[in-house]
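Residue-level structural notes
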Amino acid sequence: DMTWTEENGLYHATVVLKASEAGSGLDMGTTTEPSNISRLGDKSLHAMGAVENQADKFLNQMQANFTRLDAEGRPVTMNVTFSQGSAFNADSEVAAKDDDPLSDVIIDWVRDNAYKHSMQNPNAGPAGIDFPEVRIPLRNMDTCQGYLTNDFAKQLRGYMKSIAIPVKTVIKGNKIIVTVQ
């Protein structure tokens with residue numbers, strides 16, 4: 001983003017550089033820097049000067065945030081609900097898991113599969129489970145390819161299928177919506 005200022009024949013531009021992580025929208029770096037004030041009215045020269053003044057600072061911010069994201073994982077949110085007419089609810093006993101309540105089974109799976117077991121305390125009730133933050137890896141450690149929100153959802157679907165509980169998932173950006181059928 002750039003703003004252009006002209007006052008008494010003197011010009012300068014203020015440039016804002018901003019980078020966001022595509023999967024979650026996290027701010028990876030933001031800097032604002034004005035160009036030098038001069039009598040030259042060439043916007044492109046002022047913009048280049050402002051960018052040059054902040055390039056190192058901006059790139060250092062991005063690298064630091066990327067390093068942190070790589071170490072801590074990417075945050076996603078997850079919401080589990082039960083479809084109308086579902087044979088299951090939060091208190092349904094899961095035979096394949098020693099008759100533990102379904103909500104406990106799902107919470108345990110998410111904690112066990114979150115990156116470095118990192119998640120915020122979920123809010124569970126009769127209507128479902130809300131996970132305000134679950135960390136997933138930034139990349140697949142075996143292939144080094146990006147690890148997508150959908151990859152985590154696929155793992156959950158596979159697990160739920162293995163314990164005979166049908167689910168559907170929808171991905172909206174960094175949010176996983178799970179509906180128990």
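We now turn to the structure provided with this report. (Residues numbered from 1 in each chain as written. Predicted model: local features only at pLDDT ≥ 70, side-chain atom pairs only at ≥ 80, totals over all residues. Heavy atoms only, no water.)

With respect to topology, 5 strands assemble into an open sheet ordered β7-β8-β4-β10-β9, the strand pairing being mixed. Across the chains shown, the open sheet's two edge strands, defined by having one partner strand only, are β7 (123–125) and β9 (167–172). Along the sheet, successive strands turn relative to each other by an average axial angle of 20°, direction set aside. Looking at chain direction, strand β4 (residues 74–82) and strand β10 (residues 175–180) are connected through 6 bridges and run parallel. By the bridge assignment, Met78 is partnered in β10 with Ile176. Together, β4, β7, β8 (128–136) and β10 form the strand contacts of helix α2 (residues 102–113), whose direction differs from that of β8 by roughly 10°. Across the sheet, helix α3 (residues 149–162) lies against β4, β8, β9 and β10, angled at about 175° from β9, the strand it touches most. (Pairing = 2+ DSSP bridges. Helix = DSSP H or I, 4+ residues; strand = E, 2+ residues; numbered from the N terminus. Axes fitted to C-alpha atoms, helices over the stretch in contact; angles between N-to-C directions. Contact = heavy atoms within 4.5 Å.)

Here we take up the environment of Lys168. Residue position: Lys168 is located in strand β9. Judged by its relative accessible area of 53%, Lys168 falls in the exposed class. Setting aside chain neighbours within four positions, we find Lys168 in contact with Ile177, Val178, Thr179 and Gln181. (Buried < 20%, exposed > 50% of the residue type's maximum accessible area, 1.4 Å probe, protein only.)

This next bit is on the packing of aromatic side chains. This structure, assessed with the given rule, holds 3 aromatic pairs. Ring centres of Trp4 and Tyr11 lie 5.6 Å apart, and the angle between their planes is 25°; this geometry places the pair in the stacked category. Residue classification places Trp4 among the partly exposed positions, given a relative accessible area of 25%. Accessibility expressed as a relative area gives 17% for Tyr11, which makes it buried. Here the aromatic rings of Trp109 and Tyr159 are separated by 6.0 Å at their centres, their planes lie at 25°, and the arrangement is stacked. Taken together, the positions of Trp109 in helix α2 and Tyr159 in helix α3 put the pair 50 residues apart, joining distant regions of the chain. (Phe/Tyr/Trp six-rings, centres within 6.5 Å; stacked < 30°, edge-to-face > 60°.)

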